[in-house]
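# An overview of the molecular structure
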Amino acid sequence: MSAITSEYLKNETIASQPWPQKAFLYQPYEEEQILLAENASCLGVRTYLTMLDLPFTVELRANSEFMSPGGKRTKLPVLRVENYTYAEFEHILSFVELKGHSLTAELAPEEKDDMRAHLCLVEQIFTNAEQYVSWVDKEVLEKVTRARNGSVYPFPLNYIQNWRKQLAVRRQLGVAEFLKLTQEEVTDRVDKLCQSLSYRLDDKPYFYGKKPTELDALVFGHLFSIFTMTLPNNVLAVTINKYRNLTQFCKNIEEKYFKRV
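Now for a description of the structure that goes with this document. (Residues numbered from 1 in each chain as written. Predicted model: local features only at pLDDT ≥ 70, side-chain atom pairs only at ≥ 80, totals over all residues. Heavy atoms only, no water.)

### What about the pairing of strand β1 (residues 23-27)?
Within β1, 5 of the 5 residues are buried, which leaves it mostly tucked inside the rest of the structure. Burial along β1 is two-sided: Ala 23, Leu 25 and Gln 27 and Phe 24 and Tyr 26, pointing in opposite directions, are all buried. Note that β1 and strand β3 (residues 78-81) share 4 bridges and pair antiparallel. Within β3, the residue paired with Ala 23 across the bridge is Val 81. With 4 bridges connecting them, β1 and strand β2 (residues 57-60) associate as parallel partners. Within β2, the position partnered with Leu 25 by the bridge is Val 58. A crossover connection joins β1 to the parallel β2 through helix α2 (residues 36-51); in handedness this β-α-β unit is right-handed. (Buried < 20%, exposed > 50% of the residue type's maximum accessible area, 1.4 Å probe, protein only. Helix = DSSP H or I, 4+ residues; strand = E, 2+ residues; numbered from the N terminus. Pairing = 2+ DSSP bridges. Right-handed = clockwise from strand over helix to strand, strands pointing away.)

Okay, structure coming up:
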């Protein structure tokens, strides 16, 4: 059997099965371990599944990153549905859509193309900016990142894990051409993305009208995480806070989908 045939049969099997009552979303501990970019990715997926009204259970695991089948950025969260395991927003989105669930069914083709372009920009710019703040900004690195990332490991494993993770993130930032940027240049990229998002949102409740899309879930995950993560130098929150419609957007989604939590 060829690889193409095998993948086709796998997709057909996934599509034919209904969403189960038991789906598990694995992520690091929120209070003492999770970092900014990881929290944004996990919250984005949780918001997306909640908007679709799909049942799932959040499971906190110290080793959730190492449970991941892989990914381009944070490798988190990890979604396990029966025998299938996927990680990160993009792959989880593809899996959920394969099972017949979507937030964009009513969008016009050009709106779907615009949304996908914004999804890519949001993932690239926000995630890299969050990783930069956590692992390149010296004050945040010393006071927050190393303590949180190493909190679940005994000495000297905590030092080894911090060293390993820092190397991996810096390599990722280098490929994305973020490592050579200054803090001001990173903040400027975030500011320009916020300008685009603010223009796209305008005075609507969601980016494409009266109903949420995948972009709304992902943007909320990033913005809300930036606003609520305690950092000694949260320049990203200061930048985003200039856009009143984006801050109100966050408040509206929190009120509608998470007030009961």
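### A word on helix α8 (residues 183-201)
The end-to-end C-alpha distance of α8, which contains 19 residues, comes to 27 Å, matching closely the 27 Å that a straight helix rising 1.5 Å per residue would cover. Among the residues of α8, those classed as buried are Gln 183, Val 186, Thr 187, Val 190, Asp 191, Leu 193, Cys 194, Leu 197, Ser 198 and Leu 201. Structurally, α8 contributes buried residues whose contacts are with α5 (109-135), α9 (214-228), α10 (235-240) and α11 (244-258). Following α8 by one or two positions, Asp 202 adopts a phi angle in the positive range, close to 55°. (Expected span 1.5 Å × (residues − 1). Contact = heavy atoms within 4.5 Å.)

### Section: the packing of aromatic side chains
In this structure the tally under the stated criterion is 9 aromatic pairs. A ring pair is formed by Trp 19 and Phe 95, whose centres lie 6.2 Å apart and whose planes are at 55°; its orientation type is tilted. A residue pair is termed long-range when its members are at least 10 positions apart, and Trp 19 in the loop between α1 (3-16) and β1 and Phe 95 in helix α4 (residues 88-98) qualify at 76 residues. Grouping residues by exposure puts Trp 19 and Phe 95 together as buried. (Phe/Tyr/Trp six-rings, centres within 6.5 Å; stacked < 30°, edge-to-face > 60°.)

### Some points on the sheet that holds β3
The mixed open sheet is built from 4 strands, whose spatial order is β2-β1-β3-β4. Strands at the two margins of the open sheet, each flanked by one partner only, are β2 and β4 (84-87). On average, adjacent strands in this sheet sit at an angle of 25° to one another, irrespective of strand direction. Of the pairings in the sheet, the one linking β3 to β4 comprises 4 bridges and is antiparallel in character. (Axes fitted to C-alpha atoms, helices over the stretch in contact; angles between N-to-C directions.)

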